[in-house]
Amino acid sequence: MEKAILGKKLGMTQIFTPTGTMIPVTVVEAGPMTVVRKKTVERDGYSAVVVAFGDIKADKLNKPEAGAFVKAGIEPKRHLKEFKYAGADTMEIGSSIKCDIFADGDWVDVCGTSKGHGFSGAIKRWNHQRLKETHGTGPVVRQRGSCGQRSDPSRVMKGLHMAGQYGVDKTTVQNLRVVGVDTERNCLLIKGAIPGPNGSLVTVKEAVKKQNKKVGGSK
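The following refers to the structure shown. Owing to the predicted nature of the structure, the values given are computational and were not obtained by experimental measurement.

With that out of the way, let us pick up the overall build of the protein chain. Along the protein chain, the regular secondary structure elements total 3 helices and 12 strands. Taken against the 2.2 N^0.38 rule, which gives 17 Å for 219 residues, the C-alpha radius of gyration of the protein chain at 23 Å runs more than 25% over that of a compact globule. Projected onto the principal axes, the alpha-carbon positions of the protein chain cover approximately 70 × 55 × 35 Å. For the protein chain, restricting intrachain contacts to residue pairs at least 6 apart in sequence, the fraction spanning at least 24 positions comes to 69%. Element-wise, carbon and sulfur atoms account for 51% of the exposed surface of the protein chain, whose accessible area totals about 14100 Å². Computed over 36 positive and 21 negative side-chain charges, the inter-centroid distance for the protein chain is 10 Å.

The structure is reproduced here in structure tokens:
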């Protein structure tokens, strides 16, 4: 892995190209991250770095978490994550990783936690059709039909689409294009929508499935 960074989803807006084309973008506050710990092949069996992102008060952390920051000699942070960078051996504890590791035109994968929808019916949760609005159906049409199996096997089968909670799942959207990098504000402009509500933590990584496309989208 060569490029990866933690960020906070700020929301969506739109930008315009010099030709007047409107591009919907998501603004992500990407970094800066601070290297807290290094993992080496000799000691841990692989090479990686543990990075921290987001300010937090020291009294909000437990003793093991606070001790890691004291040992590294850096200010407490809210989030910790491990990345296996290609040049992890050359990074020093306390160094910063900023959004300028990405450039305009890069293809990225964005991972986050999807929005929660609470307890929802089968129509909203599974996109089922509602019942017919004819005589004999009853007063409620926004419900699923029968889920019984008659006398054989006389039970509801596992995995049947029914009402329940959905959302709050780890979700990854692949092959999104970076259309702007604001180094002064530590922001990335990513074309399209990304998972999660505004203010949620996201991980922006170099795309696994490389794209060979032009800016206009044609191959």
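Moving on, we get to the nonpolar core. Counting residues in each nonpolar core, the largest one holds 26 residues, and the members touching the most others are Met33, Tyr85, Val108, Val110, Ile190 and Val204. Elements supplying a minimum of two residues to this core: β1 (4–16), β2 (22–30), β3 (33–39), β4 (48–55), β7 (107–113), β10 (170–182), β11 (187–191) and β12 (201–206). Discounting residues that sit within four places of it in the chain, Val204 has contacts with Lys3, Ala4, Ile5, Val28, Phe102, Val108, Asp109, Val110, Leu188 and Ile190. Grouped together as the second largest cluster of nonpolar side chains are 6 residues, Val36, Ala52, Phe69 and Ile74 included.

Before going further, it helps to examine the sheet that holds β10. Read around the closed barrel, the 6 strands follow the order β1-β2-β11-β10-β7-β12; overall the barrel is antiparallel. Neighbouring strand axes in the sheet, compared pairwise and without regard to direction, differ in orientation by 50° on average.

As a further point, take the sheet that holds β3. Spatially, 4 strands are ordered β5-β4-β3-β6 in an open sheet, and the strand pairing comes out antiparallel. Each end of this open sheet is capped by a strand with a single partner; those strands are β5 (77–83) and β6 (96–97). Bridge count between β4 and β5: 6 bridges; the pairing is antiparallel. Of the residues in β5, the one forming a bridge with Phe53 is His79. Sheet contacts for helix α2 (residues 63–72): β3, β4 and β5; angle to β3, the most-contacted strand, approximately 90°.

Each value, and the rule that gives it
Residues numbered from 1 in each chain as written. Predicted model: local features only at pLDDT ≥ 70, side-chain atom pairs only at ≥ 80, totals over all residues. Heavy atoms only, no water. Helix = DSSP H or I, 4+ residues; strand = E, 2+ residues; numbered from the N terminus. Rg over C-alpha atoms; globule rule 2.2 N^0.38 Å. Contact = heavy atoms within 4.5 Å. Areas by Shrake-Rupley, 256 points an atom, 1.4 Å probe, with all protein chains shown as cover. Lys, Arg positive; Asp, Glu negative; His and termini not counted. Charge placed at Lys NZ, Arg CZ, Asp CG, Glu CD. Core = buried A, V, L, I, M, F, W, Y, C linked by side-chain atoms within 4.5 Å. Buried < 20%, exposed > 50% of the residue type's maximum accessible area, 1.4 Å probe, protein only. Pairing = 2+ DSSP bridges. Axes fitted to C-alpha atoms, helices over the stretch in contact; angles between N-to-C directions.

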